[in-house]
Amino acid sequence: MIFRLQFRENIRSVVNRVQHRCKCTSARLVLPNGIAYDQPVGLFVDNEFRESQTKFPTFCPATTQEIAQVFSASAVEVDHAVHAARSAFTAEWASLPGTERGQLLYRLSNLVEQNLELLGSIESWDTGKPLTASLTEDIPECVNVLRYYAGWADKIYGNTIQPFPEKFAYSLRQPIGVCGLIVPWNYPLMLSIWKLAPALAAGNTVVLKSSEHSPLSILYLAGLIKQAGFPPGTINIISGDGLIGKNLVQHSEISKISFTGSVVTGKSIMKLAADSLIPVTLELGGKSAAIIYADADLDQAVKWCHAGIMSNMGQICTGTSRIFVQETIHDEFMGKLKSYTAQKSKIGMPFDLNTFQGPQISKQQLDSIMGYINTALSEGANLVHGGKKIPGKGHFMEPTIFSNVKDKMAIVNEEIFGPVVTISSFTDSREVIRRANSTAYGLAAAVFTSDISRAMTVARRLDAGMVWINSSNDSDFRVPFGGFKQSGFGKELGDYAIKCYTQEKNVHVNLGTIL
Ligand code: NAD
């Protein structure tokens, strides 16, 4: 009880300090839907928003206009953030009863829910994703994930083992320490919460680095974290580029890294983490297959395949970007997917509630996608739909479908991370499983058939961390999420994430001979 009173006093004094400093570390912004608010732009360390020596701009990809200048961390600020997290870990967080950690997570979930419209609007402005998606998918998922792990916080148990009557052993699942969390730009807030919530529930403290392309929503969350009453230093949020991520991974007081992003960065993080031998969770890219058998419900398969690759402008790690269709229904499926895409993929500004497809995140990303499209055309792939940039401001492009592709083409093998899908035909299960597995990635796959025995047999044979039967991109916070092969290892979500943020200690008790 004394601890809790002191804790509240600490929070009050921190809030006062923050109010004193917040003028220079926030920007007054007005969103396209008329919401005016104060956007934090500082580094969030020890529950304070702080300035640093450098700033970088963040842009709206739909207009290419600058939204705000955000303070960037340097190695010095990374050090401050890690020290703050280490002090909070040692002083209070790890020893706080799980129920109290859960209550704080639950309080944060309520604040996120109360701020759903604002957070969704910030997310859409900073990333270009349709507001309808932010409001109905990303932010509600954040609320659900926070509540799910709030429930886990006081249910993290070990085991008991009794090898002999005289000997008793038990295990404890203990937090690892300070976790460095690094996220990409495609689902900035949601992927941050996927990491923060289980890490905190398990008793770790964290330093989270957002992507330089989309730092705003997570900085707004920082203010809510303070409001929820988390002890200073428990959650620290820093903005900056890959170099800052590197500094974080290399810091000697980091005990674990959880990274979501590209394979190239994942490999470099794993090499860096080898120096200090810290555990790493890697959620990397994908080139997921969707397999459509002739007995599938074709309209449902078309609907899911469209959502599976065209949602979020194709910027989805699990995107089912390679569609294999049984030869007898190939042309019919292709015709249906083309007309469904033409009808459903309404391109527009993120705040237009009819928009399905907003802009790509950046010019660089759009240019990279166009490069893949041009190469595919020069290699003889058949352009069924789309394929062009949309003139004007903003990084917009048409949803694109190719057929007549060869398995060796770059467009079939490499992650494009845009609204581009290839269709090819197959004859039988043996052939399609071999082709679906012939990629370096292994994130996800989808199987469409009305034969459940076939579906489950194919699901078992696919080299992928997640398989959907008669759906696509259907993740759920209660079900672990993660890949095989170069798509990474370790999992997010579900009970598995708790395992990834704890270490097991085994205690041997010699009971002696007392009877
Ligand atoms: P990225 O690898 O370029 O960057 C991801 C994050 O890592 C950013 O915050 C970046 O600043 C940081 N970073 C860059 N270089 C670093 C380094 N050397 N050390 C430490 N941190 C570094 O990826 P991106 O372009 O932001 O995101 C797109 C990629 O993310 C795609 O490949 C996509 O498939 C993948 N992704 C995977 C999942 C998943 O759950 N498997 C989810 C979303 C996105």
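You'll find the structure just up there.
To keep things clear, this report deals only with the structure shown in the data block. (Residues numbered from 1 in each chain as written. Predicted model: local features only at pLDDT ≥ 70, side-chain atom pairs only at ≥ 80, totals over all residues. Heavy atoms only, no water.)

**Quick look at the site of the ligand**
- Taken together, 29 residues form the shell around the ligand, and within it Glu 212, Ser 262, Thr 265, Leu 284 and Glu 415 come nearest.
- Separating an oxygen atom of the ligand from a side-chain N or O atom of Lys 209 is a distance of 2.9 Å.
- Within the side chain of Glu 212, one N or O atom sits 2.7 Å away from an oxygen atom of the ligand.
- Secondary-structure elements contributing two or more residues to the shell around the ligand are α8 (242-250), β12 (256-260) and α9 (263-276). (Near = heavy atom within 4 Å. Polar contact = N/O pair within 3.5 Å; in protein donor to acceptor, adjacent residues only side chain to side chain. Helix = DSSP H or I, 4+ residues; strand = E, 2+ residues; numbered from the N terminus.)

**Re helix α3 (residues 98-114)**
- A rise of 1.5 Å per residue sets the reference length of α3, with its 17 residues, at 24 Å; its end C-alpha atoms lie 24 Å apart and thus fit the reference within 8%.
- Along α3, the positions that sit buried rather than exposed are Gly 98, Glu 100, Arg 101, Gly 102, Leu 104, Leu 105, Leu 108, Ser 109, Leu 111 and Val 112. (Expected span 1.5 Å × (residues − 1). Buried < 20%, exposed > 50% of the residue type's maximum accessible area, 1.4 Å probe, protein only.)

**Looking at the sheet that holds strand β17 (residues 400-403)**
- Read across the open sheet, the seven strands follow the order β16-β17-β18-β15-β14-β20-β21; overall the sheet is mixed. On the outer flanks of this sheet lie β16 (382-385) and β21 (466-469), each paired with one strand and no other. Neighbour-to-neighbour, the strand axes of the sheet open up by a mean angle of 25°, direction not taken into account.
- Two strands pair when backbone bridges link them, and strand β14 (residues 289-292) and strand β15 (residues 322-326) are joined in this way by four bridges, in the parallel orientation. Within the sheet, the bridge partner assigned to Ile 292 lies in β15 and is Val 325.
- Those strands touched by helix α11 (residues 330-344) are β14, β15, β16, β17 and β18 (420-426), and its axis lies near 165° from that of β18.
- Most of the contacts of helix α12 (residues 363-378) go to β17, to which it runs at about 25°, and overall it touches β16, β17 and β18. (Pairing = 2+ DSSP bridges. Axes fitted to C-alpha atoms, helices over the stretch in contact; angles between N-to-C directions. Contact = heavy atoms within 4.5 Å.)

**Re the pattern of salt bridges**
- Counted under the stated rule, the structure contains 19 salt bridges.
- One salt bridge connects Glu 113 with Arg 147, and the closest N-O pair in it is separated by 2.8 Å. With Glu 113 in helix α3 and Arg 147 in helix α5 (residues 131-152), this pair connects stretches of sequence that are 34 residues apart.
- The partner of Asp 138 in a salt bridge is Lys 129, and the shortest N-O contact between them spans 2.6 Å. Accessibility classification places Asp 138 together with Lys 129 in one group, the buried group. (Salt bridge = Lys/Arg side-chain N within 4 Å of Asp/Glu carboxyl O.)

**Description of the sheet that holds strand β8 (residues 167-175)**
- Taken together, three strands build an open sheet; the order of strands is β7-β8-β24 and the sheet is antiparallel. Edge positions in the sheet fall to β7 (160-164) and β24 (502-510), since each has one partner strand and no second. With strand direction ignored, the average angle separating the axes of adjacent strands in the sheet is 25°.
- Relative to β24, β8 runs antiparallel, the two sharing nine bridges. Looking across to β24, one finds that Pro 175 is bridged to Thr 502.

**So, the environment of Met 409**
- If you trace the backbone, Met 409 turns up in the loop between β17 and α13 (410-413).
- When near neighbours in sequence (up to four residues on either side) are disregarded, Met 409 contacts Glu 379, Gly 380, Ala 381 and Asn 404.

**Some remarks on the packing of helix α4 (residues 116-127) against α5**
- Between α4 and α5, whose axes approach to 9 Å, the crossing angle comes to 120°. In this view, α4 runs oblique relative to α5, as classed from their interaxial angle. In terms of crossing hand, the pair formed by α4 and α5 is right-handed. Here α4 contributes Leu 116, Glu 117, Leu 119, Gly 120, Ser 121, Glu 123 and Ser 124 to the contact with α5, which in turn contributes Leu 131, Ser 134, Leu 135, Ile 139 and Pro 140.
- Across the contact of α4 with α5, the residue classes break down as six nonpolar, four polar and two charged. (Parallel < 35°, antiparallel > 145°, perpendicular 65-115°, else oblique. Left-handed = near helix turned anticlockwise from the far one by under 90°. Nonpolar A, V, L, I, M, F, W, Y, C, P; charged D, E, K, R; others polar.)

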